[in-house]
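Observations on the three-dimensional arrangement
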Amino acid sequence: MDTPTVSIIMPVYNVEKYIKQSITAVLAQTYSNFELILVDDCSPDKSAEICADFAAKDSRIKLIRKSQNGGLSEARNTGLDNAVGSYVLFLDSDDWIENNLLETALSYAEGSEITVFGINRVFENKDGEAVRTEKLTPCTAVLSPADAFIELTKKKLFNYAWNKLYKREFLLSCNARFEKIRLIEDVVFNAYVFEYASSVSTAAAELYNYRKPSHETLANTYVPEFFDLAKRKYLAEKHLLEHFGAASEENLQVIYLSYIKHLFSVFIRNNSPKAKLTKKEQKALISAAVSDPVSESVIGCFEPDSAVFKLLRRLLKEKRVSVIYLLTKMFNILKNSPV
């Protein structure tokens, strides 16, 4: 086989239900000069066996078995260490790609270190059936990293690693690695590599299918450190704008809005049954979050357009902890009510 143009890196852990679809979609690509690097992160189910069966039948597949579980970031880094392609694509093993992803993305990639494409967010019911698809699509353009960051943040496309084609030599030149951190590893990675890029290509095509199972909601996903992660995400984004000399009031409002949304998602998660937090504990966490210097700075500068966010800003600014608590409680009740 010729040296592959694209190295597709897929961490594998506990995905026997989805892995066949994910690998099959890769093998069906209209552009065939790729390698698929499957990194078995000590999966406890039959995922590794399924991967081994595919690898035995197609020489483009490399199966790497780790000796101990290290998590998503470490698995991706292992894939990077073993990649030889000119470009790198990250693929989550419970998602799948359109059969023209590589051909289309490569047609836009010349001259830019990063190429970004659109996605389909596929929402499933409890039976695993697709019930709704949300298309997120960027414009087609060659942009400065600063303009690309704003465009992609507005379109909800910046945060992911798997909707981007990266030049491998570029990643090596800036020593790009995934940090072992929960939830925002992709954001931290992109904030880092965008700082080193000279241009970013974007393609108005939905090429990646991101699976959203019914159980993945704010109301049932509790992460104790989520507030700290939300702050870190905001600070990384602010640093990126400042680095580009693009921290205009208009651009800052984009990341202020993102922070406010994450702040409320913190409160919603804290109110979930999995959090097992008392009313008193939740209100104390709300009080601490709205009084945090980063929060106070953002809330003071945030200038929302919509009536809803104007109300939320007022509640945050006036530190109306009891009202905020009731709102998050009502949100969870409505989300969990049978339709």
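Let me begin by describing the structure that accompanies this report. Along each chain, residues carry numbers from 1 onward, in the same order as the chain's sequence is written. pLDDT decides what is reported in this predicted model: residues at 70 or higher carry local features, side-chain atom pairs at 80 or more are listed and counted, and totals for whole chains, interfaces and linings draw on all residues regardless. Note that the side-chain values use all heavy atoms of the structure and ignore hydrogens as well as water.

**Examining the overall build of the chain**
Counting secondary structure elements, the chain contains 13 helices and ten strands. Relative to the globule expectation of 20 Å for 339 residues, the C-alpha radius of gyration of the chain, 21 Å, shows essentially globular dimensions. The buried label applies to any residue whose accessible area, calculated with a 1.4 Å probe on protein chains only, is under 20% of its type's maximum; exposed applies above 50%, and partly exposed to all values in between. Burial statistics for the chain: of 339 residues in total, 53% are counted as buried. Taking the contacts inside the chain whose residues are at least 6 apart along the sequence as the reference set, 77% of them involve residues at least 24 apart. Per-residue accessibility takes into account occlusion by the displayed protein chains alone, with areas from the Shrake-Rupley method and a 1.4 Å probe. Surface accessibility of the chain: about 15800 Å² in total, with carbon and sulfur atoms responsible for 51%. We treat Lys and Arg as the positive residues and Asp and Glu as the negative residues; His and chain ends play no part in the count. For this purpose, a charge sits on NZ of Lys, CZ of Arg, CG of Asp or CD of Glu. Each charge class in the chain was averaged separately, 43 positive and 43 negative side chains, and the resulting centres sit 8 Å apart. A run of H or I in DSSP counts as a helix once it spans at least four residues, and a run of E counts as a strand once it spans at least two, with each numbered from the N terminus. Here the radius of gyration uses the C-alpha set of atoms, whereas the globule reference equals 2.2 Å times the residue count to the power 0.38. By definition, residues are in contact when any of their heavy atoms lie within 4.5 Å.

**Considerations on the nonpolar core**
Grouped together as the largest cluster of nonpolar side chains are 104 residues, with contacts concentrated most on V193, F194 and F267. No other element matches helix α9 (residues 249–270), which puts ten residues into this core. Beyond its immediate chain neighbours, meaning those up to four positions away, F194 contacts I114, P145, A148, F149, L152, F158, K164, V200, L240 and F244. Think of a nonpolar core as a cluster: buried Ala, Val, Leu, Ile, Met, Phe, Trp, Tyr and Cys residues, connected wherever their side-chain atoms sit within 4.5 Å.

**Remarks on the packing of helix α5 (residues 145–154) against α9**
Look at α5 against α9: their axes get within 10 Å of each other, and the N-to-C directions meet at 40°. It follows that α5 is oblique to α9 by the angle criterion. Read as a crossing pair, α5 and α9 show a hand that is left-handed. Together, F149, I150, T153 and K154 of α5 and E250, N251, V254 and I255 of α9 make up the contact between the two elements. Class assignment of the residues belonging to the contact of α5 with α9 gives a composition of four nonpolar, two polar and two charged. Between N-to-C directions, angles span 0 to 180 degrees; the directions come from axes that are lines fitted to C-alpha atoms, helices contributing only their stretch in contact. Just so you know how the angles are binned, under 35 degrees is roughly parallel, over 145 roughly antiparallel, 65 to 115 roughly perpendicular, and the rest oblique. What makes a crossing left-handed is the near helix being turned counterclockwise from the far one by less than a right angle; a clockwise turn instead makes it right-handed. Gly is put with the polar residues, along with every residue not named as nonpolar or charged; the nonpolar set is Ala, Val, Leu, Ile, Met, Phe, Trp, Tyr, Cys and Pro, and the charged set is Asp, Glu, Lys and Arg.

**Side note on a nonpolar patch on the surface**
A cluster of nonpolar side chains, V323, L327 and M330, forms an exposed patch at the surface whose accessible area comes to about 230 Å². Residue placement: L327 occurs in helix α13 (residues 321–335). For patch building, the residue pool is restricted to those with more than 30% relative accessible area and no salt bridge; the joining distance is 9 Å between like charges and 5 Å between nonpolar side chains (Val, Leu, Ile, Met, Phe, Trp, Tyr). Counted as salt bridges are all cases of a side-chain nitrogen of Lys or Arg within 4 Å of a carboxyl oxygen of Asp or Glu.

**Focus: the pattern of salt bridges**
The tally for this structure, following the rule as stated, stands at 21 salt bridges. For K155, the salt bridge goes to E151, with nearest N and O atoms at 2.9 Å. Look at K155 and you get partly exposed, because its relative accessible area is 31%. Notably, a salt bridge pairs R182 with E225, separated by 3.6 Å at the nearest N-O pair.

**Side note on the packing of aromatic side chains**
Each aromatic ring pair is summarised here by two numbers: the centre-to-centre distance and the angle between the ring planes. Each Phe, Tyr or Trp ring, with Trp reduced to its six-membered ring, pairs with another whose centre is within 6.5 Å; inter-plane angles below 30 degrees give stacked pairs, above 60 give edge-to-face pairs, and intermediate values give tilted ones. Here the structure, examined in full by the defined rule, presents 16 aromatic pairs. Aromatic side chains F264 and F267 sit 5.7 Å apart centroid to centroid with 75° between the ring planes, which places their arrangement in the edge-to-face category. Residue F264 and its partner F267 are located together in helix α9, separated by three residues, close to a single helical turn. For the residue pair F264 and F267, the accessibility class agrees, reading buried in each case. Connected via pairs of aromatic rings, a cluster forms that spans F90, Y166, F178 and F189. The criterion for a charge sitting over a ring is simple: Lys NZ or Arg CZ within 6 Å of the ring centre, and within 35 degrees of the ring normal. R132 extends its terminal NZ or CZ atom over the ring of F123, reaching a point 4.0 Å from the ring centre. One cation-aromatic arrangement involves R269 over F226; the distance from NZ or CZ to the ring centre is 4.0 Å.

**Side note on the pairing of strand β10 (residues 200–212)**
Burial runs high along β10: eleven of the 13 residues are buried. At least two DSSP bridges between two strands are needed for those strands to be called paired. Bridging between strand β5 (residues 96–97) and β10 involves two bridges; their strand directions are antiparallel. Each residue of the ladder has a partner; that of W96, found in β10, is N209. Where strand β6 (residues 114–124) and β10 come together, ten bridges link them in parallel fashion. Its bridge partner being in β10, G118 is matched across the sheet by E206. When strand β8 (residues 141–143) meets β10, the two strands line up antiparallel, connected through three bridges. The residue of β10 that forms the bridge with A141 is T202.

**Quick word on the pairing of strand β3 (residues 61–65)**
Pairing analysis gives five bridges linking strand β2 (residues 34–40) to β3, with the strands arranged parallel. If you follow L38 over to β3, its bridge partner there is L63. If the strands point away from the viewer and the path from the first strand over the helix to the second runs clockwise, then the crossover is right-handed. Crossover connection from β2 via helix α2 (residues 47–57) to parallel β3: handedness right-handed.

**Examining the environment of Y166**
Mapping Y166 onto the fold places it in strand β9 (residues 164–167). Considering only alpha carbons, one finds Y166 and F90, 76 residues apart in sequence, at a separation of 9.1 Å. Residue contacts for Y166: discarding those within four places in its chain leaves S86, Y87, V88, F90, E113, I114, Y160, A161, L171, F189, N190 and V193. Two N or O atoms count as a polar contact when they lie within 3.5 Å, although within protein this holds only if one can serve as hydrogen donor and the other as acceptor, and sequence-adjacent residues are included solely when both atoms are side-chain atoms. At a separation of 2.6 Å, a polar atom in the side chain of Y166 contacts the side chain of N190.

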